[in-house]
Amino acid sequence: SIILLHILEFFYAFVHNYGVAIILLVLAIRIVFYPLTYSGFKSMKQMQKLTPKINEMREKYKDNKAELNRKIMELYKESRVNPFGGCLPMILQIPVFYGLYEALLISIQLRNAPFIFWIHNLSVQDPYYILPILMGITMLISQKMNPMIGDPTQAKIMLILPIVFTFIFIHFPAGLLLYWTVNNILTIVQQYIINKKFA
C-alpha cells in the first residue's frame, strides 16, 4: 500500500489528478507484467488449438475421469503447453489490487480526491454505479475474447463471473473500480493484438 501510494504521489506531482495517476499506475503495471501477460495469452491460444483433440478425448474417456485427466496432461506435455500459464498474470496482480484498496481506504491524500465528471471522491463508491457496470462489461468482453478451455459447465460458470464481480464490487471505492476497468480495457486491447498475431 505504501509503495503504491508513493507511486501515485509521483504521478500526481505531474498530472495533479489522482484519477489520472491511477490510470498511469495501471499503464506502468501493464508494462512491467507485459512479458508474463504475453506468455499467458500465447499459452491460451495454443490451448485453443488443442480443444478439438481434448473434446475427442472427453467423448472417448467420458466414463473414466482419471484416464481422461491423464491423457489431457500428456497432450499438454507433448504440445509444451502450460494450462496454468494464463492465470499467472492475474495472480500476480492480486497483491497490487489489494494494496491499492488499502491505500484508498487509509490514505489522507486520496480522501475527497476528484477524478472527472460525476466522480468527486475516489475513496468512496461511484454514486451512479457507472464504474462497476463498466468493469462488468469489460470483464465480459475480455472473457468472450478468451478461448473457452476446459469443461463446458466451467465455461458457463466463468461467463457468470462478470455479473457476480459487478455486484461484489458495486460498493468498492471508485478509485479501485477505475483501476480495474482501465486494466480490463488494456487487457482487451492486448488480447485483440495477440489474437490477430496468432490467428
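Rules and cut-offs
- All chains use their own residue numbering, which begins from 1 and follows the written sequence.
- Given that this is a predicted model, residues contribute local features only at a pLDDT of at least 70 and side-chain atom pairs are listed and counted only at 80 or more, while totals for whole chains, interfaces and linings are drawn from all residues.
- Only hydrogens and water are removed before side-chain values are computed, so all heavy atoms of the structure are retained for them.
- Secondary structure elements are taken from DSSP: a helix is a run of H or I of four residues or more, a strand is a run of E of two residues or more, and numbering for both begins at the N terminus.
- Exposure is judged per residue with a 1.4 Å probe applied to protein chains only, and the accessible area is read against the type maximum: over 50% gives exposed, under 20% gives buried, and values in between give partly exposed.
- In this analysis, two residues are considered to be in contact whenever any of their non-hydrogen atoms come within 4.5 Å of each other.
- For the accessible areas, the method is Shrake-Rupley and the probe is 1.4 Å, while residue cover comes only from the protein chains on display.
- Buried Ala, Val, Leu, Ile, Met, Phe, Trp, Tyr and Cys residues that are joined via side-chain atoms within 4.5 Å together make up what is termed a nonpolar core.
- Note that the bend at a residue is defined as the angle between axes fitted to the seven residues ending at it and the seven residues starting at it.
- Counted as a polar contact is a pair of N or O atoms within 3.5 Å, where, for protein atoms, one must be capable of donating a hydrogen and the other of accepting one, and residues adjacent in sequence contribute only when both atoms are in side chains.
- Working definition: rings of Phe, Tyr and Trp (its six-membered ring) pair if their centres are within 6.5 Å, and the pair is stacked with planes under 30 degrees apart, edge-to-face with planes over 60 apart, and tilted otherwise.
- Here an angle of 0 to 180 degrees is reported between the N-to-C directions of two axes, which are lines fitted to C-alpha atoms, with helices fitted over the stretch in contact.
- For any helix crossing, the convention is left-handed if the near helix is rotated counterclockwise from the far helix by under a right angle, and right-handed if that rotation is clockwise.
- Just so you know the grouping, Ala, Val, Leu, Ile, Met, Phe, Trp, Tyr, Cys and Pro go in nonpolar, Asp, Glu, Lys and Arg go in charged, and all remaining residues, Gly too, go in polar.
- The predictor rates its confidence in each residue with pLDDT, a number between 0 and 100.
- A pairing counts as a salt bridge when a side-chain nitrogen of Lys or Arg comes within 4 Å of a carboxyl oxygen of Asp or Glu.

## Quick notes on the overall build of the protein chain
- On a plain count of helices and strands, the protein chain comes out with seven helices and zero strands.
- Each helix and strand of the protein chain, ordered N terminal to C terminal, gives the series α-α-α-α-α-α-α.
- A total of 199 residues make up the protein chain; the buried ones form 40% of that total.
- Put simply, of all contacts in the protein chain between residues at least 6 apart along the chain, 71% involve residues at least 24 apart.
- For the protein chain, the computed accessible surface area is about 11,800 Å², with 69% contributed by carbon and sulfur atoms.

## So, the nonpolar core
- Among the nonpolar cores identified, the biggest contains 31 residues, and Leu-8, Tyr-18, Leu-25, Leu-100, Leu-122, Leu-178 and Tyr-179 are the most heavily contacted of them.
- Mapped by element, the contributors of at least two residues to this core are helix H1 (2-15), helix H2 (18-60), helix H4 (88-106), helix H5 (130-145) and helix H7 (174-197).
- Excluding residues that lie within four positions of it along the chain, Leu-8 makes contacts with Tyr-18, Ala-21, Ile-22, Leu-25, Leu-100 and Leu-110.
- Formed by 10 residues, the second largest nonpolar core is a distinct cluster that contains Met-57, Tyr-61, Leu-75 and Tyr-76.

## Section: H2
- Along H2, the sharpest change in direction is near 60° and occurs at Phe-33; proline Pro-35 comes one to four residues later.
- Backbone nitrogen of Gly-19 and a side-chain oxygen of the N-cap are separated by 2.7 Å at the start of H2; the cap is Asn-17.

## Focus on the packing of aromatic side chains
- Under the counting rule described, the total for this entry stands at six aromatic pairs.
- One aromatic cluster is present, built from ring pairs that chain together Phe-10, Phe-11 and Phe-14.

## Re the packing of H2 against H7
- Running from amino to carboxyl end, H2 crosses H7 at an angle of 35°, the nearest separation of the two axes being 9 Å. Two packed elements cross with a definite hand, and for H2 against H7 that hand is right-handed. Two secondary-structure elements touch here, H2 through Gly-19, Ile-22, Ile-23, Val-26, Leu-27, Ile-29, Arg-30, Tyr-34, Thr-37, Tyr-38, Phe-41 and Lys-45 and H7 through Gly-175, Leu-178, Tyr-179, Val-182, Asn-183, Leu-186, Thr-187, Gln-190, Gln-191, Ile-194, Asn-195 and Lys-197.
- Of the residues that constitute the contact of H2 with H7, the class distribution is 13 nonpolar, eight polar and three charged.

## Structural notes on the confidence of the model for the protein chain
- In the predicted model, the protein chain carries a mean pLDDT of 81, and 89% of its residues have values of at least 70.
- Between the elements of the protein chain, mean pLDDT differs from a low of 75, seen in H4, to a high of 90, seen in H1.

## Quick notes on the pattern of salt bridges
- Considering all chains together, one arrives at one salt bridge under this definition.
- Of the charged contacts in the structure, one is a salt bridge between Arg-70 and Glu-74, with a shortest N-O distance of 2.4 Å. With Arg-70 and Glu-74 both in helix H3 (residues 65-79) and four residues apart, the pair spans about one turn of that helix.
- Residue Arg-70 is classed as partly exposed on the basis of its relative accessible area, which comes to 39%.
- The class of Glu-74 is partly exposed, set by a relative accessible area of 30%.

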